[in-house]
Amino acid sequence: MARDYSGSPKHHQVDAKRKRLTWIVAGSGLCVLFYMLGAWQNSGTSLSGRDDVFDRVGCDLGSRSIGSSKSKEDPSSSVPLDFGSHHAVELNTPNDTVTFPPCDMSLSEYTPCQDKVRGRKFDRDMLKYRERHCPAKDELLRCLIPAPPNYKTPFKWPQSRDYAWFDNIPHKELSIEKAVQNWVQVEGDRLRFPGGGTMFPRGADAYIDDINELIPLTTGQIRTAVDTGCGVASWGAYLLKRDILAMSFAPRDTHEAQVQFALERGVPAMIGIMGSQRLPYPARAFDMAHCSRCLIPWFKYDGLYLTEVDRILRPGGYWILSGPPINWKTYWRGWERTQEDLKQEQDAIEDVAKHLCWKKVVEKKDLAVWQKPMNHVECVQSRKIYKTPHMCKADNPDTAWYRNMESCITPLPEVSNPDEVAGGELERWPERAMAVPPRIKSGSVAGVDGKKFQEDNALWKERVTHYKHIIGSLEQGRWRNIMDMNANLGGFAAALMKYPVWVMNVVPANSNADTLGVIYERGFIGTYQDWCEAFSTYPRTYDLIHASNVISIYQDRCDIAYILLEMDRILRPEGTVIFRDTVEALVKVQSLTSGMRWESKIVDHESGPFNPEKILVAVKKYWTGEAPKEQR
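First, a word on what this report is: a plain description of the structure on this page.

Calculation notes
Residues numbered from 1 in each chain as written. Predicted model: local features only at pLDDT ≥ 70, side-chain atom pairs only at ≥ 80, totals over all residues. Heavy atoms only, no water. Helix = DSSP H or I, 4+ residues; strand = E, 2+ residues; numbered from the N terminus. Expected span 1.5 Å × (residues − 1). Buried < 20%, exposed > 50% of the residue type's maximum accessible area, 1.4 Å probe, protein only. Contact = heavy atoms within 4.5 Å. 1 Å grid on protein atoms, 1.4 Å probe; cavity = no way out; pocket = protein on both sides within 12 Å on 5 of 7 lines; lining within 4 Å. Points joined across faces, edges and corners; volume = space filled by probe spheres on them. Domains from an automatic or database assignment. Pairing = 2+ DSSP bridges. Right-handed = clockwise from strand over helix to strand, strands pointing away. Polar contact = N/O pair within 3.5 Å; in protein donor to acceptor, adjacent residues only side chain to side chain.

## Brief notes about helix α10 (residues 339-355)
Moving on, step 1. The end-to-end C-alpha separation of α10 is 24 Å, in line with the 24 Å expected for 17 residues at 1.5 Å each.
Moving on, step 2. Restricting attention to buried positions, one finds in α10 the residues L342, E345, Q346, I349, V352, A353 and H355.
Moving on, step 3. On its buried face, α10 sits against α8 (300-312), β8 (313-322), α9 (328-331), β9 (359-364) and β10 (367-371).
Moving on, step 4. Immediately downstream of α10, the backbone of C357 shows phi near 75°, a positive value.

## A short note on empty space enclosed by the protein
If a probe as big as a water molecule is rolled over the atoms, it shows which places are left empty.
Moving on, step 1. Scanning all chains against the criterion turns up two cavities of 30 Å³ or more.
Moving on, step 2. Of all the secondary structure elements, the ones that give two or more residues to the lining of the largest cavity are β6 (269-271) and β13 (525-529).
Moving on, step 3. A per-element tally of the lining of the largest cavity places β13 first, with three residues.
Moving on, step 4. For the lining of the largest cavity, the domains that each give at least three residues are domain 1 (174-186 + 193-384) and domain 2 (430-620).

## Looking at the pairing of strand β7 (residues 286-292)
On a regular strand, one side chain projects to one face of the sheet and the next to the other, so that they alternate.
Moving on, step 1. A large share of β7 lies buried, amounting to seven of its seven residues.
Moving on, step 2. In this sheet, β7 lies alongside strand β4 (residues 224-228) in parallel orientation, the contact comprising three bridges. Paired with D227 across the strands is H290, a residue of β7.
Moving on, step 3. Bridge analysis of β7 against β8 gives six bridges, and the strand direction is parallel. Residue H290 lies in a different strand from β8, and its bridge partner there is I320.
Moving on, step 4. Handedness of the crossover joining β7 and β8 through α8 is recorded here as right-handed.

## Quick notes on the pairing of strand β17 (residues 613-620)
Moving on, step 1. Within β17, seven of the eight residues are buried, which leaves the element mostly enclosed by the surrounding structure.
Moving on, step 2. Note that strand β15 (residues 571-582) and β17 share seven bridges and pair antiparallel. Across the sheet, the residue bridging to D581 is K614, located in β17.
Moving on, step 3. Inspection of the sheet shows strand β16 (residues 598-603) paired to β17 by six bridges, in the antiparallel sense.

## What about the environment of D287?
Moving on, step 1. The topology assignment puts D287 in strand β7.
Moving on, step 2. Between the C-alpha atom of D287 and that of Q221, which follows or precedes it by 66 residues, the distance is 8.1 Å.
Moving on, step 3. D287 has contacts with Q221, I222, R223, T224, L313, R314, G317, Y318 and R432, leaving out every residue within four places of it along the chain.
Moving on, step 4. For D287, the side chain forms a polar contact with the main-chain nitrogen of R223, separated by 2.9 Å.

By themselves, these observations are geometric and do not establish any function.
Below, the structure written as structure tokens:
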């Protein structure tokens, strides 16, 4: 054990001084000897082959590169020594910078993979023409999507839930077509969202209260939801104050910019449709699914669409339906359909639900609710009675990127007794966010156990603290819509829980580890995506993009210039991007983004300057397109 001393020890002090004097004299003599030897060598005597050795190893530190031959013009020229830091990599000179011009103003709302002109080339059966159809390589744009001429910074949350600037989304179609239903109203220079919907004329708040009387929405049991055919996502917007996070989606169709309205409000949403392909979410992702007059033909194609909802619903999850054909006895005249037709549709839906082993919880007024079983013990036995749909075989139920839907029941994980929750029971929210997810407990995620999960949480807590020092406060509402392009276990989203933000967690579709199911088990939302293609959203819909090692992952798969252009497309003016990657990758990014009207800076890793991974923070400058001459 160490002890503290009040002063230095003084015994044998004389002997110590004598020894030090001897060492000083000996050292001085050696210095004189080596000085004289060096002077003799420089006077003309050289070691045999010395110049050749220097030439080969490139000892000339002047303007020549390593390994170049020594200058013959001035062999005695001296090179000044440079004691500065050389760990940084120089950027390309301005002459090498690629400049990306603005696109035409007609492309202000361009959605590459949901382009209406391209969509017309595809089959209308099962709405395939509205699914993702991305441009070929020779069709990709190398220009910057412009913002509307009078674009303004969106309202901050929570005010943005109810208001948006009309100049940011200059569309009046919905305010006219859905005027009676109160989706959106134009009030001077702004849009107002009263919270109305086709099936909730009293507003989304009252509608959600009606649902809460039927199933528990405020106990933390239900956290993730999916809204099919969401409109302007008012249902998802008003669920947020109940700590329920909804993934809302709608197609790009005649109702212009539904999803753009939703994201401008600061509500999670993406462009999507139930057509012929699986939704880009893992199995057992959502606690609740919702359709309010979403016009999806649930009973057609042998109940294929309800079968897909069954795939993405958690064991014990709920499906809520309002609108045709529910309560058809009251509304059949207004829906301009016969009573017989509506009754047949409801009977068909009831039959499909029964074959999926769902239990009808309740039907009250305009709402009907079904519940998926906790496990498939009884469902497997019922296949003796219900021959279709059969249980899927030899299939990864999480595979959902460009994968066709299948008319078979996605089997739940096996259980040891009929009362057990298949796949493992989840904690209630908010404990669910930090509890070890069942998929990790069961060993489904290779190389990740409970300890590594907790370490990852601690790591991202540290990183977000570091980000706050770089980009400023997260509390003030400057950032609302955040995207994590390579979300891994969702640690970044978890570290942001206390801030007024939401995170679209993206797991690259070609990742070695599929972790999106883990992210949903934690109570967050996200999607699969291949970043060699465009994301299913409108331009200018995210405030902050986080890209951890995305460039390194994709640099050998596709041209990263197009990834950066896609990031520019979906990023708001004055939005921020945080890259984490190697210095080499970040230098390449910086050289490209300097021609994209971005300002950027490479800063040290949170652990200090000696970590080879660095951080690049970039801000998209504010600029807009020009209005046509007739509008000026």
